[in-house]
Amino acid sequence: MRLKRLEECTELSYNNYLLTFENEIEKPFSSHLTNLSYSRWIEISKNFENKECLPVGYVPSYTYFLVNEKDEIAGNVSIRTELNDYLNNYGGNIGYIISPNFRGQGFGTLQLSLALEEAKKLNLVKVLLTCDKSNTHSA
């Protein structure tokens, strides 16, 4: 397993990943953009890295996917390089989710560990992680 940037993933693997959340309450943030073409979704997501392109109230963030050797996406993680009032209380610098097909196998821990390495590359020396009390796996 390794982290891949969103433009390194295939549209098919991404669409298959989203399908695993079909009956889930908690969904990846990117699932709200499914009415877009894959290339447009990548373009919009890349704009989230640039502070000058962000909507009001958003902070720069980088998206990565945890991918196995079969190019199946097991999860995704967003690394936010800044915090606002909302993220200081809910969300933090790193937000991640694991596909229902890969849960309970330690992939959340692996993804977080890899995300922390990426955070260092983005010059974050201190990160805030938050966790909903009902999310026992993440805790």
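Look a little higher up for the structure.
Notes on the structure follow.

What counts, and at which threshold
Residues numbered from 1 in each chain as written. Predicted model: local features only at pLDDT ≥ 70, side-chain atom pairs only at ≥ 80, totals over all residues. Heavy atoms only, no water. Helix = DSSP H or I, 4+ residues; strand = E, 2+ residues; numbered from the N terminus. Rg over C-alpha atoms; globule rule 2.2 N^0.38 Å. Buried < 20%, exposed > 50% of the residue type's maximum accessible area, 1.4 Å probe, protein only. Contact = heavy atoms within 4.5 Å. Areas by Shrake-Rupley, 256 points an atom, 1.4 Å probe, with all protein chains shown as cover. Pairing = 2+ DSSP bridges. Axes fitted to C-alpha atoms, helices over the stretch in contact; angles between N-to-C directions. Expected span 1.5 Å × (residues − 1). Salt bridge = Lys/Arg side-chain N within 4 Å of Asp/Glu carboxyl O.

Comments concerning the overall build of the protein
So, step 1. Looking only at helices and strands, one finds four helices and four strands in the protein.
So, step 2. The C-alpha atoms of the protein give 14 Å as radius of gyration, which agrees with the globular expectation for 139 residues (14 Å, within 12%).
So, step 3. By principal-axis analysis of the C-alpha atoms, the protein measures approximately 35 × 35 × 30 Å.
So, step 4. Counting only residues that meet the buried cut, the protein has 42% of its 139 residues in that class.
So, step 5. In the protein, 58% of the contacts between residues at least 6 apart in sequence involve partners at least 24 apart.
So, step 6. As displayed, the protein has an accessible area near 8500 Å², and 50% of this comes from carbon and sulfur atoms.

Some remarks on the sheet that holds strand S4 (residues 94-98)
So, step 1. Pairing is antiparallel in the open sheet, where four strands are placed in the order S1-S2-S3-S4. If you trace the sheet from one side to the other, it starts and ends with strand S1 (2-5) and S4, each paired once. Each strand axis lies, on average, 25° off the axis of its neighbour in the sheet, ignoring direction.
So, step 2. The pairing of strand S2 (residues 61-67) with strand S3 (residues 73-80) spans seven bridges and is antiparallel. When the bridges of S3 are listed, Thr63 appears paired with Ser78.

Quick look at the side chain of Glu49
So, step 1. Along the chain, Glu49 falls in the loop between helix H2 (38-47) and S2.
So, step 2. The class for Glu49 is buried, based on a relative accessible area of 17%.
So, step 3. Beyond its immediate sequence surroundings of up to four residues, Glu49 is in contact with Arg5, Pro60, Ser61 and Tyr62.

Notes on helix H4 (residues 107-121)
So, step 1. Taking 1.5 Å of rise per residue, the 15 residues of H4 would be expected to cover 21 Å, and the 21 Å separating its terminal C-alpha atoms lies within 8% of that figure.
So, step 2. Within two residues after H4, Asn123 carries a phi angle of roughly 70°, on the positive side.

Thoughts on the pairing of S2
So, step 1. Counting buried residues along S2, seven of its seven residues qualify, which places the element largely inside the surrounding structure.
So, step 2. Residue alternation in S2 divides its side chains into two sets, Ser61, Thr63, Phe65 and Val67 and Tyr62, Tyr64 and Leu66, and both sets are buried.
So, step 3. The pairing of S1 with S2 spans four bridges and is antiparallel. Along S2, the bridge assignment pairs Arg5 with Tyr64.
So, step 4. Hairpin geometry of S2 and S3 is characterised by an intervening segment of five residues between the two adjacent antiparallel strands and by a positive phi of about 65° at Asp71.

Some points on the pattern of salt bridges
So, step 1. Applying the stated rule across the entire model yields nine salt bridges.
So, step 2. Here Arg5 makes a salt bridge to Glu7, at a shortest N to O gap of 4.0 Å.
So, step 3. Overall, the relative accessible area of 14% leaves Arg5 in the buried class.
So, step 4. Glu24 is the partner of Arg103 in a salt bridge, and the nearest nitrogen-oxygen pair spans 3.0 Å. Of this pair, Arg103 sits in the loop between S4 and H4 while Glu24 is found in the loop between helix H1 (11-19) and H2, placing the two residues 79 residues apart along the sequence.
So, step 5. Since its relative accessible area comes to 35%, Arg103 is described here as partly exposed.
So, step 6. Taken together, the salt bridges that share partners define one network made up of Arg5, Glu7, Lys46 and Glu49.

Taken by themselves, the reported measurements are silent on function.
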